[in-house]
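Survey of secondary and tertiary structure
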Amino acid sequence: MPALLLVGLAMLGGFDFAVRRGSADKPVPMISSPLNRQLNDMQDHLKAYQNETPLGNGSGKTSVLLGIFSSNIKKYRLKRKFIRDTYLGIDEPRLCKLSEYIRQMEANPQTAVCQVPYTFIIAAGGSDRPFDHDDSEPLTVPTYVDGTVDPEDDCTFLNIRENMEDGKSATFFKLGAAIGIQHSIDYIVKLDDDTLLSPELLLQFIEDDLPPAPYNRRIYGGRGWMTRSKSNLFAAGQFYFMSTDLAHYVGNVLTAADRKAMTHSRKTEDADMGVFVFSHPRPIKFINMGMHQIWRHTRMKKEEAFRKAWETRMRVLPIVEQPLPWFHFCVAWDDDITL
């Protein structure tokens with residue numbers, strides 16, 4: 001019998017659509033699993049998926065680098081402290097500092113436990129450095145431009161001038177690709193320091209939905225958003241990720257001049273990144289997390305709100321929203337219109 005192929009919407013890539021197997025009234029029989037799953041509070045219709053074979057639970061474990069964007073300004077140093085106290089401070093050996101992950105991998109990759117190394121990303125170059133790394137100088141420096149060191153051993157100092165919209169993200173993905181190739185990291189994540197992440201749901205998402213190398217080709221994902229001026233899809237900057245090969249494409253195949261030519265007239269970090277990614281000549285596999293948001297971002301800038309949400313609001317995750325913000329893309333559309 002010939003195979004049946006389901007084709008989804010594509011923009012030199014496509015959305016991943018899941019076919020529902022079973023329902024709340026007639027669910028597929030569930031198989032108990034020791035995997036890291038948070039299913040106790042799942043809606044009934046989602047429990048049917050408990051018997052899916054996780055993509056990242058085969059012979060190779062999927063690894064993900066978390067790059068938490070920060071700065072050397074005092075308020076950002078304080079933010080790093082309460083981030084360390086919350087989602088980075090849990091007792092979970094699969095989550096560790098980047099330096100510890102490298103140590104484990106260099107000692108013996110077969111016995112390495114850490115899968116999700118993290119580091120705070122700080123642009124630390126002086127005024128003579130570019131905003132977007134475009135020369136033969138090292139990608140990183142050991143200290144901030146004023147000599148500030150990293151007492152917690154969990155900060156990475158990029159050798160560029162501090163910025164948000166002009167090249168910091170591209171430089172980070174350039175670095176992430178280099179680390180990923182050298183130390184076997186499958187995906188690179190960029191997240192804001194006012195994003196409150198659920199590490200348990202992140203680990204579950206990695207196990208269930210992110211295939212390890214060599215099957216992690218041209219994968220890009222996050223909260224789906226759109227831009228009119230470039231007619232392009234992108235992942236919102238609060239949390240997004242891409243496979244290491246895409247990080248290499250964005251950071252190395254595209255030059256700083258290429259990226260500058262592609263940016264929006266009003267530079268917007270996440271929207272510009274979507275343009276860079278979808279300029280790839282091959283199909284992109286986009287994972288839209290709009291209906292499975294494993295983080296909180298709204299009103300998370302102040303320490304009190306961040307800590308309170310960590311203590312009382314994490315059980316509402318994952319957040320389920322519309323797959324794409326059509327209201328933002330086309331104001332003429334209305335929820336009552338049936339297409």
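Remember, predicted model here, so these are calculated numbers, not experimental data. Throughout, residues of each chain are indexed from 1 in the direction in which the sequence is written. Only residues with pLDDT of 70 or above have their local features reported here, since the model is predicted, and side-chain atom pairs are shown and tallied only from 80 upward, although totals for entire chains, interfaces and linings are computed over all residues. Just so you know, side-chain values use all the structure's heavy atoms and leave hydrogens and water out.

Let us now look at the state of the cysteines. Whenever a pair of cysteine sulfur atoms sits within 2.5 Å, that pair is classed as a disulfide. Counting across every chain of the model gives one disulfide. Two residues share a disulfide in this structure: Cys 96 and Cys 114, whose sulfurs sit 2.1 Å from each other. Disulfide Cys 96 to Cys 114: torsion about the S-S bond roughly -95°, handedness left-handed. Taken together, the residues Cys 96 in strand β3 (residues 95–97) and Cys 114 in the loop between α3 (98–107) and β4 (116–123) connect sequence positions 18 residues apart. Type-normalised accessible area, obtained with a 1.4 Å probe on protein chains alone, sets the label of each residue: buried when under 20%, exposed when over 50%, and partly exposed for intermediate values. Since its relative accessible area comes to 8%, Cys 96 is described here as buried. In this description a helix means any DSSP run of H or I spanning at least four residues, a strand means any run of E spanning at least two, and both kinds are numbered starting from the N terminus.

By definition, pLDDT measures how confident the predictor is in each residue, and it falls between 0 and 100. Mean pLDDT over the protein: 83, with 78% of residues reaching 70 or higher. Contacts are assigned to residue pairs that have any heavy atoms within 4.5 Å of one another. For the stretch residues 1–42, pLDDT sits under 50, and the model shows 66 contacts to residues farther than four places along the chain or on other chains.

Before going further, it helps to examine unusual backbone geometry. The amide bond that connects Ala 213 to the next residue, Pro 214, takes the cis arrangement and shows omega of 5°. By the secondary structure assignment, Pro 214 is in the loop between α5 (199–209) and β9 (219–227). A cis amide bond links Leu 317 with the next residue in sequence, Pro 318, at an omega value of 0°. As for its placement among the helices and strands, Pro 318 is situated in the loop between α9 (303–312) and α10 (326–329). Of note in this structure, Asp 153 is not a glycine but carries a positive phi near 60°.

What follows concerns the packing of helix α6 (residues 244–253) against helix α8 (residues 269–278). Each axis is a line fitted through C-alpha atoms, and for a helix only the stretch in contact is used; angles between axes span 0 to 180 degrees, taken between their N-to-C directions. Here α6 crosses α8 at 100°, and the two axes come no closer than 9 Å. With respect to their mutual orientation, α6 and α8 come out roughly perpendicular. Note on element contacts: α8 touches α6 through Met 273, Phe 276 and Val 277, opposite Leu 246, Tyr 249 and Val 250. Under the convention adopted here, Pro, Cys and the residues Ala, Val, Leu, Ile, Met, Phe, Trp and Tyr are nonpolar, Asp, Glu, Lys and Arg are charged, and Gly plus all remaining residues are polar. Residues that form the contact of α6 with α8 fall into these classes: six nonpolar, no polar and no charged. Working rule for angles: under 35 degrees goes down as roughly parallel, over 145 as roughly antiparallel, 65 to 115 as roughly perpendicular, anything else as oblique.

Once that is clear, we can look at the nonpolar core. Of all hydrophobic cores here, the largest spans 42 residues; its most connected members are Phe 172, Phe 173, Tyr 220, Met 242, Met 273 and Val 277. At six residues, α8 tops the list of elements feeding residues into this core. Beyond its immediate chain neighbours, meaning those up to four positions away, Met 242 contacts Phe 173, Tyr 187, Ile 188, Ile 219, Tyr 220, Ala 247, Val 250, Met 273 and Val 277. Core analysis: the second largest hydrophobic core is formed by 39 residues, Phe 82, Tyr 87, Ile 294 and Phe 306 among them. Residue types Ala, Val, Leu, Ile, Met, Phe, Trp, Tyr and Cys, when buried and joined through side-chain atoms within 4.5 Å, form a set referred to as a nonpolar core.

Turning our attention to the pairing of strand β6 (residues 155–158). A two-sided burial pattern is seen for β6, the buried positions comprising Cys 155 and Phe 157 on one face and Thr 156 and Leu 158 on the other. Bridge count between β4 and β6: four bridges; the pairing is parallel. Paired with Ile 122 across the strands is Phe 157, a residue of β6. Any two strands are treated as partners once DSSP identifies two or more bridges connecting them. Where strand β5 (residues 140–141) meets β6, two bridges bridge the pair, whose relative direction is antiparallel. Across the sheet, residue Val 141 finds its bridge partner in β6, namely Phe 157.

To continue, consider the pattern of salt bridges. Basic side-chain nitrogens of Lys or Arg form a salt bridge, by our definition, when they fall within 4 Å of a carboxyl oxygen of Asp or Glu. For the structure on display, the rule yields 15 salt bridges. The residue Arg 94 makes a salt bridge to Glu 92 at a minimum N-O spacing of 3.0 Å. Accessibility expressed as a relative area gives 17% for Arg 94, which makes it buried. With its nearest N and O atoms 3.4 Å apart, the salt bridge here joins Arg 94 to Glu 207. One end of the pair, Arg 94, is in the loop between α2 (74–85) and β3; the other, Glu 207, is in helix α5, with 113 residues separating them in the sequence.

Another point: the side chain of Arg 218. Mapping Arg 218 onto the fold places it in the loop between α5 and β9. The contact partners of Arg 218, leaving out residues within four places of it in the chain, are Ser 243, Asp 245, Leu 246, His 280, Arg 282, Pro 283, Ile 284 and Lys 285.

Pairing of aromatic side chains here covers Phe, Tyr and the six-membered ring of Trp, requires ring centres within 6.5 Å, and sorts the geometry by plane angle: under 30 degrees stacked, over 60 edge-to-face, intermediate tilted. Taken as a whole, this structure holds twelve aromatic pairs when the rule is applied. Consider the rings of Phe 82 and Phe 306, whose centres lie 5.0 Å apart with planes at 55°: the pair is tilted. Taken together, the residues span a long stretch of sequence, with Phe 82 in helix α2 and Phe 306 in helix α9 at a distance of 224 residues. With relative accessibility at 3%, the residue Phe 82 sits in the buried group. Taking 5.8 Å as the distance between ring centres and 65° as the angle between the ring planes, the aromatic pair formed by Phe 205 and Phe 241 counts as edge-to-face. Taken as a pair, Phe 205 in helix α5 and Phe 241 in strand β10 (residues 232–243) lie far apart in primary sequence, 36 residues in all. Side by side, Phe 205 and Phe 241 carry an identical accessibility label, which is buried. Each member of the aromatic cluster is reached from another via a ring pair, and the members are Phe 69, Phe 172, Phe 173, Tyr 220, Tyr 240, Phe 278 and Phe 286. Here the basic side chain of Lys 190 rests over the ring of Phe 69, its NZ or CZ set 5.4 Å away from the ring centre. Two limits define a charge over a ring: the Lys NZ or Arg CZ must be within 6 Å of the ring centre, and within 35 degrees of the ring normal.

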